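Results of the structural survey
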Amino acid sequence: MKVILFGATGMIGQGVLKACLADDGVAEILAIGRTPLGESHAKLKELMHNDFSDFSSIEPRLSGYDACYFCLGVSSAGMSEEKYRQITYGFAMAAAQALSKLNPNMTFIYISGMGADSTEKGSVMWARVRGKLENDLLKLPFKAYVFRPGGVEPMDGIQPKNKWLKALLKVMGPFIPLLKRLFPDYITSTRQIGKGMLEVTRHGSDQKIFECKDINGL
Ligand SMILES: NC(=O)c1ccc[n+]([C@@H]2O[C@H](COP(=O)([O-])OP(=O)(O)OC[C@H]3O[C@@H](n4cnc5c(N)ncnc54)[C@H](OP(=O)(O)O)[C@@H]3O)[C@@H](O)[C@H]2O)c1
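Let us look at the structure shown here. (Residues numbered from 1 in each chain as written. Predicted model: local features only at pLDDT ≥ 70, side-chain atom pairs only at ≥ 80, totals over all residues.)

1. A word on the site of the ligand
Near the ligand, the surroundings consist of 24 residues, among which T9, G10, I12, T35 and G73 are the closest. Contributing elements (two or more residues each) for the shell around the ligand: α1 (11-22) and β7 (151-153). At three residues, α1 tops the list of elements feeding residues into the shell around the ligand. For the shell around the ligand, the residue count by class is eleven nonpolar, eleven polar and two charged. (Near = placed C-beta within 6 Å. Helix = DSSP H or I, 4+ residues; strand = E, 2+ residues; numbered from the N terminus. Nonpolar A, V, L, I, M, F, W, Y, C, P; charged D, E, K, R; others polar.)

2. Describing the environment of Y69
Counting through the fold element by element, Y69 comes out in strand β4 (residues 67-70). Of the residues examined, Y69 has 29 C-beta atoms within 10 Å and is grouped as buried. For Y69 and N103, which are 34 residues apart along the polypeptide, the C-alpha to C-alpha distance reads 14 Å. (Buried ≥ 20, exposed ≤ 12 C-beta atoms within 10 Å, placed from the backbone.)

3. Remarks on unusual backbone geometry
The phi angle at E120 is positive, at roughly 65 degrees, despite the residue not being glycine. Within the fold, E120 resides in the loop between β5 (107-111) and α3 (125-137). E120 gets classed as partly exposed once you count the C-beta atoms within 10 Å, which come to 16. A positive phi angle, near 60 degrees, is found at D156, a position not held by glycine. Mapped onto the secondary structure, D156 falls in the loop between β7 and α4 (163-172). A count of 13 C-beta atoms within 10 Å places D156 in the partly exposed class.

4. Quick look at the packing of α1 against helix α6 (residues 190-203)
Between α1 and α6, the least distance of the axes is 8 Å, while the angle of their chain directions is 55 degrees. Viewed along their axes, α1 and α6 adopt a mutual orientation that is oblique. Judged by the sense of rotation from one axis to the other, the crossing of α1 with α6 is right-handed. For the pair α1 and α6, contact is made by M11, I12, Q14, G15, V16, K18 and A19 and by T190, R191, I193, G194, K195, M197 and L198, respectively. (Axes fitted to C-alpha atoms, helices over the stretch in contact; angles between N-to-C directions. Parallel < 35°, antiparallel > 145°, perpendicular 65-115°, else oblique. Left-handed = near helix turned anticlockwise from the far one by under 90°. Contact = placed C-beta atoms within 7 Å.)

Next comes the structure, spelled out in structure tokens:
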């Protein structure tokens, strides 16, 4: 299986990368990003790209893949709706449209977030943008799925990139086992997301949107 990974430098993307590297069924991972990963592995290829709203210049490199795991994303905190939409909707749709044209049998899994608004009409800006994106991704002519994690525990030595999340996890770290027991349906982990993506790619699913508890059940 050949996999394309977006967001491999991020917290969740690192977990997905580790899962792919450890999986004997994954022969190649092409990490597409703007920042070098700083690691090498026989199965890992990197492709630096600057404009995530346009993939036409690298299209020849994007065909022949079985799966794409889209873990690139930003928090809406402090961002205008226009800017958040441009990155969140614009980047994911540009990648998905190019990939669905080149790889119609591909499994594409998008990392969204718990609370995304499928009606596209709610009052919460980030949730509306993600909901519209999810709906449009699921209409594309390939096997698209959406993962909606809530809290994500970084595992296997992974550190959050976001400094606020890093500080929060430093304080909350000792309580994570308790929080997982109290709120099992709201917390997943980088390891579980990576495992779940490979599971859905291998076996497919009639379910298209996976909430946190569904991810934990994979
Ligand atoms: N972490 C959580 O608890 C959590 C929970 C629910 C949902 N999510 C969602 O899951 C996704 C990944 O989260 P994360 O925690 O892994 O985020 P993260 O650690 O901040 O990583 C974000 C990734 O996206 C890339 N990226 C961000 N802005 C970019 C841009 N303008 N151009 C190109 N690449 C860009 C980053 O690349 P660089 O290294 O080049 O910056 C990095 O690889 C996000 O959509 C997030 O909202 C996260």
